[in-house]
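An overview of the molecular structure
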Amino acid sequence: MPIPRILVTGGSGKAGHWIIQHFLESGYDVINVDTRRPATPLCRTIVADLTQLGQTVSAFSAHSTGNRAPYAGVVHMAAIPRAHEQPNDEIFRVNNLSTYNVLEACGLLGIRKAVIASSESSYGYCFADRFFAPHYLPVDEAHPQLPEDTYGLTKVINELTAAMFHRRDGTQILSFRIGNVVCPEDYAPIRARFDQPEDRLRMLWSYIDARDLASACRLAIEQDGLGCEPVIIAADDTSSSLTTEELVKRYLPGTKTFKRALTGRDALISNARLKALLGWRQAHFFPLT
Ligand SMILES: NC(=O)c1ccc[n+]([C@@H]2O[C@H](COP(=O)([O-])OP(=O)(O)OC[C@H]3O[C@@H](n4cnc5c(N)ncnc54)[C@H](O)[C@@H]3O)[C@@H](O)[C@H]2O)c1
């Protein structure tokens, strides 16, 4: 049987590294497309700027690697990954154009499946000048997206871009609304600031281990008939040692609407849709000690 092939964009970055590692461990041949080479190369990298359609199509072409086997799909992580660290128009240009070009290239080249990186930031409370509480808890996919910043806006636009390409080309596209990505080395520094829970209020204490994000990306590529929809990917638990009840009491006292009871250290953003759709289960839980 031929070895399945997968494209990962932004594979030289934080999440991409673990996504590439997971696909390699799962028996895939992986091509990384990024503007820079990774610190620790795991697979072949094609250096390309995804804001350029010509470069994107060329990089995604099966011919570009001398191996004409078709790709099972694209996992698109490349982006400017947060607000306020680059000029807003640059965030708008890079994040919107790169996602447009990635999905346009999929249509042109017959690549049938994609995962794109949306974000919990699309809900707005992460980067708003003045923090506002969610309308209800736990936040789910039906919660309004109310960004007041350009980064969050690009994620909303990218979800609309995905819907257009799904209608046009039939590409299967899941937009993962990703919680705060945590790598193994991130746990200790977060734990060291457990006495400052307000640090992580803006992300509602959400997190997702990069390895659990990676397994969800693979499931989304391996399953058929998923259509096109946004799906939250976040852990079952929080990245705080306090109970969720205590976090809500201290930091979200105005939130009175609960779609379900939150007990113990239950997450404040819901991964129920992800579990129902993909059968995904979390393997890496926040180590409290
Ligand atoms: N890190 C998080 O907590 C988090 C949370 C929610 C969503 N996300 C999203 O997940 C994705 C990955 O985030 P990350 O933390 O790994 O980011 P990262 O910055 O570590 O990696 C992004 C990669 O994209 C590449 N890139 C940027 N512009 C490009 C272009 N025009 N062409 C080709 N490559 C380009 C960069 O060189 C970089 O290697 C992003 O889309 C981000 O918005 C991240």
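Provided above is the structure to which this section pertains.
Every value quoted in this text rests on a predicted model; they were computed, and no experiment measured them.

With respect to the site of the ligand
Residues in contact with the ligand amount to 26 residues; listed here are only the nearest, Lys14, Ala15, Asp34, Tyr151 and Val181. In the environment of the ligand, a nitrogen atom lies 3.0 Å from a nitrogen or oxygen atom belonging to the backbone of Leu50. Ala79 is positioned with one of its backbone polar atoms (N or O) 3.5 Å from an oxygen atom of the ligand. Protein coverage of the free-state accessible area of the ligand, which is 840 Å², stands at 89%. Within the residue set of the shell around the ligand, elements represented by two or more residues are α1 (14-25), β5 (113-119) and α4 (150-169). Take the shell around the ligand: its biggest share by element is three residues, from β5.

Quick notes on the packing of aromatic side chains
Each pair of aromatic rings is reported with the distance of its centres and the angle of its planes. All told, the structure shown has 11 aromatic pairs when counted by the stated rule. Between Phe23 and Tyr28, the ring centres sit 4.9 Å apart and the planes meet at 90 degrees, which makes this aromatic pair edge-to-face. When its relative accessible area of 0% is taken as the criterion, Phe23 is described as buried. Aromatic rings pair up to connect Tyr123, Tyr125, Phe131 and Phe132 into one cluster. It is Arg211 that lies over the ring of Trp18; its NZ or CZ is 5.8 Å from the centre.

Observations concerning the nonpolar core
Within soluble globular proteins, side chains that are nonpolar tend to cluster in buried spots. Within the largest apolar cluster, 35 residues are counted, with the highest numbers of intra-cluster contacts made by Ile19, Val75, Phe176, Leu213 and Leu278. Listing elements by their share of this core, those giving two or more residues are β1 (5-9), α1, β5, β6 (172-178), α6 (210-222), β9 (228-233) and α8 (272-278). Among the elements that take part in this core, α6 stands out by supplying eight residues, more than any other. Counting residues in hydrophobic clusters, the runner-up holds 19 residues, among them Phe132, Leu201, Leu262 and Leu268.

Section: the sheet that holds strand β2 (residues 29-34)
Across the sheet, which stays open at both edges, the seven strands sit in the order β3-β2-β1-β4-β5-β6-β9 with parallel pairing between neighbours. Strands with a single pairing partner mark the edges of an open sheet, and in this sheet they are β3 (44-47) and β9. Taking each pair of neighbouring strands and ignoring which way they run, the sheet shows an average axis angle of 20 degrees. Two elements, β1 and strand β4 (residues 71-76), share five bridges in a ladder whose sense is parallel. Across the sheet, residue Ile6 finds its bridge partner in β4, namely Gly73. Set on the sheet, helix α2 (residues 53-60) makes contact with β1, β2, β3 and β4; between it and β1 the angle comes to about 150 degrees. Along the sheet face, helix α3 (residues 88-109) touches β1, β4, β5 and β6 and points at about 175 degrees away from the line of β4.

As for α2
The set of residues buried in α2 consists of Thr56, Ala59 and Phe60. Angularly, the buried residues of α2 cover 90 degrees about the axis, an arc narrow enough to put them on a single face. Of the surrounding elements, those touching the buried residues of α2 are β1, β2, β3, β4 and α3.

Remarks on the environment of Arg200
Relative to the assigned elements, Arg200 resides in the loop between α5 (187-192) and β8 (208-209). Accessibility expressed as a relative area gives 11% for Arg200, which makes it buried. On a C-alpha basis, the gap between Arg200 and Asn180 in space is 9.5 Å, while along the polypeptide they are 20 residues apart. In contact with Arg200, not counting residues within four places along its chain, are Asn180, Val182, Ile190, Trp205, Ser206, Tyr207 and Ser239.

Considering the pattern of salt bridges
Enumeration according to the criterion identifies 17 salt bridges in this entry. The partner of Asp199 in a salt bridge is Arg193, with the nearest N and O atoms 2.4 Å apart. The partner of Asp237 in a salt bridge is Arg265, and the shortest N-O contact between them spans 3.9 Å. Note that Asp237 is positioned in the loop between β9 and α7 (244-251) and Arg265 in the loop between α7 and α8, a separation of 28 residues in sequence. Bridged by salt links that share partners, the residues Glu104, Arg168 and Asp169 form one connected network.

Cut-offs and rules
Residues numbered from 1 in each chain as written. Predicted model: local features only at pLDDT ≥ 70, side-chain atom pairs only at ≥ 80, totals over all residues. Heavy atoms only, no water. Near = heavy atom within 4 Å. Polar contact = N/O pair within 3.5 Å; in protein donor to acceptor, adjacent residues only side chain to side chain. Areas by Shrake-Rupley, 256 points an atom, 1.4 Å probe, with all protein chains shown as cover. Helix = DSSP H or I, 4+ residues; strand = E, 2+ residues; numbered from the N terminus. Phe/Tyr/Trp six-rings, centres within 6.5 Å; stacked < 30°, edge-to-face > 60°. Buried < 20%, exposed > 50% of the residue type's maximum accessible area, 1.4 Å probe, protein only. Lys NZ or Arg CZ within 6 Å of the ring centre and 35° of its normal. Core = buried A, V, L, I, M, F, W, Y, C linked by side-chain atoms within 4.5 Å. Pairing = 2+ DSSP bridges. Axes fitted to C-alpha atoms, helices over the stretch in contact; angles between N-to-C directions. Contact = heavy atoms within 4.5 Å. Arc of directions from axis to C-beta. Salt bridge = Lys/Arg side-chain N within 4 Å of Asp/Glu carboxyl O.

Read these as geometric descriptors, not functional statements.
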